[in-house]
Amino acid sequence: MRNSTEALSFNNYLGFMDWIFCGGKLPPAGFESERFPVKKEEYKHLISKRFLPFSDSDAYRVIKAATEAFVMVNCGVQQSPLPFDPDLNRPNRDDAYLDRRDLPIPISGLKTNFEKYLVPLNGKKTLPYLAVIRRKLPDIPIKSTAFEDAVPVNGEMDREMDNCFGLLQEKLENPCLLELIWSYWHEEGMLVQSMNAITLRFQNIRSPAFTQDPLANLEMEPLRPLNNLLWGYIQDEQHRLTVGRRNNEYDHHYGLRLEGKAVKNFRPVDTRSKFLEAFHNLLRLCTVFYKQDDDTTVKADAFPVLNGLKEVHLILSQGAHNQFGDLPSTARIEMLMQQWLLARPEFREYLPTRIMVAYPEPWMDRVDAMKKLQGWTDTSVLHFRNLGMFGEQLLLSIRWGHWSDEFEPVKALNWARFFRPQVQGYIHAYRAATGVDLSADPSVNAHLDSMLPSVLLQKRLASQQRVG
């Protein structure tokens, strides 16, 4: 899961886009470079199916198809080649990661142990958690093909029986490892708002919040490819997710929501109101465990961490319905495209970016520059990106783990050690973004722990504006 989310990172996406469109080089040997040809084939398949009813939008159409291919190939848990080193030749990257955390390295290799971990299902294998769900629905058959893959039998229009009803085998065997919390934190970091401001200026629409638009001098000559890409992006607006759709699903997944005029008529049916408290409690329990684990004279107690994992897992599974299957991947595709557009070299000229700041991804200085121009929060988008990246890895490991029937603390101990960089990285980024320290004594800021991040961010922004 850690490697799969890293494979979906923007820098890997940028490398793929450069390779397929700009003559870039393949990345160094590894599972990611081996997947590039698979992504190219998926792109060729999608480009013949994705059309836009607008003139002069072909450039945007191919970017959209390539992005969808990138996400589809990289998000599968059992996508070939596997996203870890299956060789027994040590040292390698994954073995070194385990060794640094005092975790046992499988003698038979990661691939063999992964195969043992999976549960047989209809001649295939799936995650133990999904095998439990399958056992709850024994009367429903397995559907081996999706409707779009159905083919005529014997040259006639009759379809095979499994083409009409059943559980999708692909969803059971190879679930997509994406968490919507990645999109939530990037949206809180003003990625989407930055693109919205640019597209309004491109259409000569003044921002309603200003008498003089901060982007008044932003002029994009039609000789640049970015000009036509933005044309296609704006024309395709009716086919993108609305902020209301995303906001309702943030609430359905995690009980998180955005603040602002665009979502003021917010009326959800079902919300995960206990998620934030449970997740923050788990992170705090991890910090207590790490202090004990670092003391070699004490045997660290992982039972509280196990109970915290079971609580969060239960809440997450309750929200895994309705739009859960498609909205996270759609939001990821759209936001990756926004990052790619902002990372275009032209924006280095159009926006007053700070060259000497070492941002890990080239779109980030553009968003920070936009926040400065618009008077938005002065917290760097770097912290929001880290919250999305670390939060996704943590929640994926909790969501797809079979925690509900686990009573021994060994797996919780291994989980806490394995994901220590992600836990501590999330805690640090949360404090930097919201001002709340999740590792502090619960008696100090118990009321803040369960307060929505969007409310905390609004308060920090108001304080920033008063000082200004």
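The following refers to the structure shown. Computed from a predicted structure; not experimentally measured. (Residues numbered from 1 in each chain as written. Predicted model: local features only at pLDDT ≥ 70, side-chain atom pairs only at ≥ 80, totals over all residues. Heavy atoms only, no water.)

## A few points about the environment of Leu-336
The test is simple: Secondary structure elements are taken from DSSP: a helix is a run of H or I of four residues or more, a strand is a run of E of two residues or more, and numbering for both begins at the N terminus. With a 1.4 Å probe rolled over the protein chains alone, any residue whose accessible area is under 20% of its type maximum counts as buried; one over 50% counts as exposed, and the rest are partly exposed. Any pair of residues with heavy atoms lying within 4.5 Å of one another is described as a contacting pair.
Along the chain, the position of Leu-336 falls in helix H15 (residues 327-342). For Leu-336, a relative accessible area of 0% gives the class buried. Residues Leu-336 and Lys-64 lie 272 residues apart in sequence; the distance between their C-alpha atoms is 9.8 Å. Setting aside residues up to four positions removed in sequence, Leu-336 forms contacts with Leu-8, Phe-10, Tyr-13, Thr-67, Phe-70 and Val-71.

## Concerning helix H20 (residues 420-434)
Since the α-helix advances by 3.6 residues per turn, residues separated by three or four positions end up pointing in the same direction. What counts here: To estimate the expected span of a helix, subtract one from its residue number and multiply by 1.5 Å.
Between its first and last C-alpha atoms H20 spans 21 Å; for 15 residues at 1.5 Å apiece the expected length is 21 Å, and the two agree. Within H20 the residues assigned to the buried category are Gln-422, Val-423, Gly-425, Tyr-426, Ile-427, Ala-429, Tyr-430, Ala-432, Ala-433 and Thr-434. Phi for Gly-435, located one or two positions after H20, is positive at around 85°.

## Here we look at helix H12 (residues 243-254)
With twelve residues, H12 extends 16 Å between its outermost C-alpha atoms, agreeing within 8% with the 16 Å of an ideal straight helix rising 1.5 Å per residue. Of the positions making up H12, those classed as buried are Arg-246, Asn-247, Glu-249, Tyr-250, Asp-251, His-252, His-253 and Tyr-254. Of the surrounding secondary structure, the elements contacted by the buried residues of H12 are helix H9 (181-188), helix H10 (191-202), helix H13 (275-294), helix H14 (303-318), H15 and helix H18 (381-399).

## Remarks on the packing of aromatic side chains
Applied cut-off: Aromatic pairs are defined between Phe, Tyr and Trp rings, using the six-membered ring for Trp, whenever the two ring centres lie within 6.5 Å; interplanar angles under 30 degrees are classed as stacked, those over 60 as edge-to-face, and all others as tilted. The rule for a charge over a ring is simple: NZ of Lys or CZ of Arg within 6 Å of the ring centre, and within 35 degrees of the ring normal.
Counted by the stated rule, this structure contains 18 aromatic pairs. Taking 5.3 Å as the distance between ring centres and 70° as the angle between the ring planes, the aromatic pair formed by Phe-279 and Tyr-426 counts as edge-to-face. Taken together, the residues Phe-279 in helix H13 and Tyr-426 in helix H20 connect sequence positions 147 residues apart. Here Phe-279 matches Tyr-426 in class, with each residue buried. The rings of Tyr-184, Trp-185, Tyr-250, Tyr-254, Phe-275, Phe-279, Phe-384, Tyr-426 and Tyr-430 are connected pair by pair, giving a single aromatic cluster. Sitting over the ring of Tyr-233, Arg-240 keeps its end group 3.6 Å from the ring centre. Stacked on the ring of Trp-182, the Lys or Arg Arg-332 has its end atom at 4.0 Å from the ring centre.

In short, geometric facts, not functional conclusions.
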